[in-house]
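What follows is each chain in one-letter form.
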Amino acid sequence: MSSSTPSQPFLPFALPEIGEEEIAEVVDTLRSGWVTTGPKARRFEEDFVKFLGDDSLHAIAVNSATAGLHLALEALGIGPGDEVITTTHTFTATAEVVRYMGADVKLVDIDPATLNIDPVAIEAAITPRTKALMPVHYAGLSVDMEAIHAIAKRHGLKVVEDAAHALPTTFQGQLIGTLNSDATVFSFYANKTITTGEGGMLVTRDPALAARAKVMRLHGINRDAFDRFQAKVPSWYYEIVAPGFKYNLTDIAAALGLHQLKRVRGFQKRREQIAQRYDEAFADLPLMLPPRPQQADDLHAWHLYVLRLSDEASINRDQLIEALFADGIGVSVHYIPLHLHPYWRERYKLQPEQFPHSQRAYERMVSLPLYTKMTDADVERVITSVRRALGRA
Ligand SMILES: *Cc1c(COP(=O)(O)O)cnc(C)c1O
């Protein structure tokens, strides 16, 4: 039975932290008369490159990470007959964009030590049709990008990082987004480490990829092509060079992003602090705690705090979730692996036995609330509930 008092309100699984500066900037945008893509989206892109600290990068603001991933694959020329390898332990967006391009998804298993895609499984899945790898920095812990880039180089493959969880994450001291991948895509969805409501950022070092993504982001409109032949493009003139998409980020959303971006480091510190407190409080329980970066000084973005129940636990995953909900605490599961969803299962005739590590992790995992708006008391409340559910109150 729950012992939470009726006066304790429901503790949501996730909440954004939107401050007065964000609100004032949105209001300023609304009053300015320019509400769609304009000066603020441009400034958000510039600030993003500054944040990453490498001005050879291009940042392209889009209305979701899904859009950014799609644009990256489109610019890389991924198409029918091609295969793209990614992890089964991800959100469907990572894989669906491959299908948008008419290419095929090769799902592979995770390394149970990191919950990230297993480089050995990638090697085993490569065929002559393989064109690209899409690693996902699960929960905000970097994939071993050295291994990924070595495989890509050996087999001549493109690399598109799904960095929806990975702001700010580092690999061997370098921020995700600054590595030598073809493209890296961040998400600013409502529950991500920073938010614009809906939004994303495509980052690349490749000027041709950036140029193509910019054109395809907005209907396939190209004004630069015309620029080459004319000293001055009339303001009304444009050319359509491809059937593009409608993936631009509005200035209303970018207004939020400008201020959220300034808070990235502070947000990460608070998330890290909460994760640390959870780790301490759960150390004696029959649980597997979230994996840590291989290099102790690397940053984990802590988008998610994922527990796994050990075999010795007295209850199963579903019972733990029920106990937490009974105490008024929102929890979630990241993810129901793609190989279990009807579309992916049927399309590629997938069986759980092909993904033993993802399957086993899924059956035992729970994501606890982890966000900057949690008070220390909220954190202790979650701890008390988890300990009580596991009989260690
Ligand atoms: C949230 C998420 C996405 C999609 O992000 P959107 O901005 O909502 O499109 C893609 N991949 C992963 C792993 C995610 O968690």
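Every residue gets a number counted from 1 within its own chain, in the order that chain's sequence is written. For this predicted model, a pLDDT threshold of at least 70 governs which residues receive local features, and a threshold of 80 or more governs which side-chain atom pairs are given and counted, while totals over whole chains, interfaces and linings are taken from all residues. Each side-chain value is worked out from all heavy atoms of the structure, with water and hydrogens disregarded.

Should DSSP find at least two bridges between two strands, the strands are regarded as paired. Runs of E in the DSSP output that reach at least two residues are strands. Runs of H or I that reach at least four are helices, and both are numbered from the N terminus. Read from one edge of the open sheet, seven strands run β1-β9-β8-β5-β4-β2-β3, paired in mixed fashion. The sheet is open, and its two borders are formed by β1 (58–62) and β3 (104–108), each paired with just one other strand. Taking the axes of each pair of neighbouring strands and ignoring which way they run, one obtains an average angle of 20° across the sheet. Taken together, the two bridges between strand β4 (residues 130–134) and strand β5 (residues 158–162) define a ladder with parallel strand orientation. Pairing of A132 across the sheet is with K158, part of β5. Strand contacts of helix α6 (residues 145–155): β4 and β5, with the helix running at about 150° to β5, the strand carrying the most contacts. Relative to the sheet, helix α7 (residues 207–217) contacts β1, β8 (183–187) and β9 (200–204), its axis offset from that of β1 by approximately 20°. Throughout, an axis means a line fitted to C-alpha atoms (over the contacting stretch in the case of helices), and angles, computed between N-to-C directions, take values from 0 to 180 degrees. In what follows, residue pairs with any heavy atoms lying within 4.5 Å of each other are defined as contacts.

Our focus in this paragraph is the domain arrangement of the chain. As annotated, the domain borders come from an automatic or database domain assignment. What the domain assignment lists for the chain is domain 1 (20–262) and domain 2 (264–389). A separation of 26 Å is found between the C-alpha centroids of domain 1 and domain 2. Taken together, both faces of the contact between domain 1 and domain 2 bury some 3300 Å²; the carbon and sulfur share is 61%. Ranking the residues of domain 1 by area buried against domain 2 places H89, L141 and P168 at the top, with a combined share of 16%. As a working definition, buried area equals the accessible area (1.4 Å probe) given up by two parts on being put together, with both sides summed.

It is worth spelling out the layout of surface pockets at this point. Only protein atoms enter the 1 Å grid used here. Points where a 1.4 Å probe fits but cannot escape make up a cavity, open sets with protein on both sides within 12 Å along at least five of seven lines make up a pocket, and a residue lines them when an atom lies within 4 Å of a point. Grid points are joined across faces, edges and corners, and a volume is the space filled by probe spheres set on the points. A volume near 830 Å³ is recorded for the largest pocket. Along the walls of the largest pocket sit 27 residues, with T37, R42, K214, R217 and L218 positioned nearest its centre. Per-element accounting of the lining of the largest pocket gives the leading share, five residues, to helix α2 (residues 39–52). Class assignment for the residues of the lining of the largest pocket results in 13 nonpolar, seven polar and seven charged. Each residue gets one label: Ala, Val, Leu, Ile, Met, Phe, Trp, Tyr, Cys and Pro are nonpolar, Asp, Glu, Lys and Arg are charged, and the others, such as Gly, are polar.

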